[in-house]
Amino acid sequence: MPGNPSCGAAIAGLLEAYGVDTVFGIPGVHTLELYKGLAGSSMRHVLVRHEQGAGFMADGYARASGLPGVCIVITGPGVTNIATAIGQAMSDSVPMLVISSVNARADLGKGRGRLHEISDQRAVTAPITADSRVAMGPADVVEFIQSAFSSFASARPRPMHLSVPLDVLAGPAEGVWRAGAMAPRPTPDDSAVGAARDLLARAHRPAVLLGGGAVDVPQARIVRLAEDIGAAVVTTTAGKGVFPESHRLSLGATLSRPPTQAFLADADLVLVVGSELSETDSWADNPLQLGGTVIRVDIAEAQLALNAEPALGIRSDAAAFVEALGEVGSGQPADRQNQRVAAVRQEVSAGWGTLARKHIRVLEAIRAALPADGFVATDMTQIAYTGNAAFPVDRPRCWFHPLGFGTLGYALPAAIGAKLADPRRPGVALAGDYGFQFTLPELGTAAELGLALPVIVWNNEGLGQIRDGMVAADIAEIGVKARNPDFQVLAEAYGCHAVRLQTLDALGQHLRDALAAGGPTLIEIREDLPDLA
């Protein structure tokens, strides 16, 4: 690079070469060289209130755009603060690049009491990343960043962490720094595609189960496949919207509901595309039972037999597989399958309890106020658990939920990141009162950015899910009731609009006003709202 800049400054140019336009973080004394490069770049830097917020924003940015979210943090507390968000991205297969400083090479592992020192920083993030390395020289920096972006493009998307020692950051950038070639995405073997086509054509009660790995399959291709073979389609929460939930063959993201699980157990063939079939996909007491012949397609070889052994496993990019499959002649009448799907949908709807029905009324108002491409970033909260199955979505990348790792505090910063990925796209943050407080200060970030973002806080005065679990298990309610702040006053102190809902009928107008506002709006909804009873 001309002028032989420092390694830290050159990193910004390399990120730009990969098309990075936004970086989340908090500058610190150990990242000044990195910020020197940012100052001279075209990239937008988003100042967050906490590194966990930076990680969740990068996560939301990635889920909304399909591009990796990028964070810069300091060694030590910056890394430990962002670790929860990294773990969430790892669990939910979200592409994220975290670049941090680390103590100088001569100090690594010495325990000299240096500022922000961790004896082995790589060990902190290695279990929650696809790759975590310490760059012992400029060439290591280039090689890792090239490897990260190639992996994001061609493999199961997961977070990566690069630690760069202080003396490497300050030293000269040696050699040529440019974007490298991307590895190709895996395509299916022709014979395997033929075998899958034959099995699908012979099935009488087929079902398709789509996970987050199918999120970029052209929707028209999935619809054509389902209609060709008369297959019912179920998605995981991560795959929500990959198949339009309004379609007559859709069972939506109801994998956690017993009627849908029974339907899959009765199928004579289940095609699973891009899902690890994890505990948090189905919440079944026992491993999910898939009936008849199982075909699994996944970009990661290790996923093909995980949690359910297939009769046919195919390593492939999901879109490449569906494209290669082409038309599948079936000859099976669709009417009976349509009737089965309609019956299961009705059974799922009838099975909601009193609290869930409250949630659904609120979710219906949110759905009515959001356009079809509007997104909802949710937290680990009861109303979102209901929404995972009950909130109707017809497009992918519209419902973001921190399911696998299951962390609190995700909704607000993830919504900020998603909004920054496409400012024209409307969206909503949906959090519970307790989880919201994990990252509440990011209201300041949203206000600084002037984001037209409704932030809905479902207030049940504590940890409702855990409270209900204690009651069901005949345990005294311990540590599940909290004294909440005045959310209206707090929001206004950050420069946000704020409203406490008085009637459910008013929610739609409040949301429309918030989506058109010049900054964020906090909308508080109490679980004991009279007209929700």
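Residues numbered from 1 in each chain as written. Predicted model: local features only at pLDDT ≥ 70, side-chain atom pairs only at ≥ 80, totals over all residues. Heavy atoms only, no water.

What to know about the pairing of strand β3 (residues 69-73)
- The buried count for β3 comes to five of five residues, which makes it a mostly enclosed element.
- Burial of the side chains of β3 extends over both faces: Gly-69, Cys-71 and Val-73 are buried on one face and Val-70 and Ile-72 on the other.
- Of the pairings in the sheet, the one linking strand β1 (residues 22-25) to β3 comprises two bridges and is parallel in character. In the strand pairing of β3, Phe-24 is matched with Cys-71.
- Where β3 lies against strand β4 (residues 96-102), five bridges are found, and the strand directions are parallel. Looking at the pairing, Ile-72 lines up with Ile-99 of β4.
- Where the polypeptide runs from β3 across helix α4 (residues 77-91) and back to β4, its parallel neighbour, the crossover connection is right-handed. (Buried < 20%, exposed > 50% of the residue type's maximum accessible area, 1.4 Å probe, protein only. Helix = DSSP H or I, 4+ residues; strand = E, 2+ residues; numbered from the N terminus. Pairing = 2+ DSSP bridges. Right-handed = clockwise from strand over helix to strand, strands pointing away.)

Side note on the side chain of Asp-59
- For Asp-59, the position within the fold is in helix α3 (residues 51-65).
- If near-sequence neighbours (up to four positions away) are discounted, Asp-59 is found in contact with Gln-88, Ala-89, Val-94, Met-96 and Tyr-410. (Contact = heavy atoms within 4.5 Å.)

Things to note about the pattern of salt bridges
- Summed over the entire model, instances satisfying the criterion amount to 23 salt bridges.
- The shortest N-O distance in the salt bridge between Arg-63 and Asp-92 comes to 2.9 Å. Of this pair, Arg-63 sits in helix α3 while Asp-92 sits in the loop between α4 and β4, and the two are 29 residues apart along the sequence.
- The network of salt bridges with common partners includes Asp-59, Arg-63 and Asp-92. (Salt bridge = Lys/Arg side-chain N within 4 Å of Asp/Glu carboxyl O.)

Considerations on the packing of helix α8 (residues 190-202) against helix α12 (residues 318-325)
- The contact between α8 and α12 brings their axes to 10 Å, and the two run at 65 degrees. Our classification of the angle between α8 and α12 gives roughly perpendicular. Considering only the axes of α8 and α12, their crossing is right-handed. Each of Val-193, Ala-196, Arg-197 and Leu-200 in α8 lies in contact with α12, whose residues at this interface are Phe-321, Ala-324 and Leu-325.
- In terms of residue class, the contact of α8 with α12 is built from six nonpolar, no polar and one charged. (Axes fitted to C-alpha atoms, helices over the stretch in contact; angles between N-to-C directions. Parallel < 35°, antiparallel > 145°, perpendicular 65-115°, else oblique. Left-handed = near helix turned anticlockwise from the far one by under 90°. Nonpolar A, V, L, I, M, F, W, Y, C, P; charged D, E, K, R; others polar.)

Section: the side chain of Thr-254
- Along the chain, the position of Thr-254 falls in the loop between β8 (232-235) and α10 (258-266).
- Taking relative accessible area as the criterion, Thr-254 reaches 7% and is therefore assigned buried.
- With residues near it in sequence (within four places) discarded, Thr-254 still touches Thr-235, Thr-260, Val-348 and Ala-389.

Thoughts on the environment of Leu-97
- With respect to the secondary-structure elements, Leu-97 resides in strand β4.
- Leu-97 gets classed as buried once you look at its relative accessible area, which sits at 0%.
- Distance from Leu-97 to Arg-185, taken between C-alpha atoms, is 19 Å for residues 88 residues apart in sequence.
- Setting aside its immediate chain neighbours within four residues, Leu-97 contacts Leu-15, Gly-69, Val-70, Cys-71, Phe-144, Ala-148, Phe-149, Phe-152 and Met-160.

Focus: the packing of aromatic side chains
- As enumerated under the stated definition, the model contains eight aromatic pairs in all.
- Ring centres of Phe-56 and Tyr-410 lie 5.5 Å apart, and the angle between their planes is 75 degrees; on these two criteria the pair is classed as edge-to-face. Taken as a pair, Phe-56 in helix α3 and Tyr-410 in the loop between β13 (399-400) and α16 (411-421) lie far apart in primary sequence, 354 residues in all.
- For Phe-56, a relative accessible area of 0% corresponds to the buried category.
- Among the aromatic side chains, those forming a connected cluster through ring pairs are Tyr-18, Phe-149 and Phe-152.
- One cation-aromatic arrangement involves Lys-240 over Trp-399; the distance from NZ or CZ to the ring centre is 5.9 Å.
- Note that Arg-257 overlies the ring of Trp-352, its terminal NZ or CZ placed 4.0 Å from the centroid. (Phe/Tyr/Trp six-rings, centres within 6.5 Å; stacked < 30°, edge-to-face > 60°. Lys NZ or Arg CZ within 6 Å of the ring centre and 35° of its normal.)

Things to note about the environment of Leu-522
- Examined against the element boundaries, Leu-522 turns out to sit in strand β17 (residues 521-526).
- When its relative accessible area of 1% is taken as the criterion, Leu-522 is described as buried.
- Leu-522 sits 74 residues away from Glu-448 along the chain, and the two C-alpha atoms are 15 Å apart.
- Residues within four places of Leu-522 in sequence aside, it is in contact with Phe-436, Leu-443, Val-455, Val-457, Phe-487, Gln-488, Ala-491, His-497, Ala-498 and Val-499.

Quick word on the nonpolar core
- Within the largest apolar cluster, 47 residues are counted, with the highest numbers of intra-cluster contacts made by Phe-24, Ile-416, Phe-436, Leu-443 and Val-455.
- Residues in contact with Phe-436, not counting those within four places in the same chain, are Asp-379, Leu-412, Ala-431, Leu-443, Val-455, Val-457, Phe-487 and Leu-522.
- Listed in part, the 33 residues of the second largest apolar core include Val-208, Val-217, Leu-271 and Val-328. (Core = buried A, V, L, I, M, F, W, Y, C linked by side-chain atoms within 4.5 Å.)

Things to note about a nonpolar patch on the surface
- A cluster of nonpolar side chains, Val-29, Leu-32 and Leu-115, forms an exposed patch at the surface whose accessible area comes to about 300 Å².
- Relative to the elements of secondary structure, Val-29 occurs in the loop between β1 and α2 (32-39).
- Judged by relative accessible area, Val-29 falls into the exposed class, the value being 55%. (Patch = residues over 30% accessible without salt bridge, like charges linked within 9 Å, V, L, I, M, F, W, Y side chains within 5 Å. Areas by Shrake-Rupley, 256 points an atom, 1.4 Å probe, with all protein chains shown as cover.)

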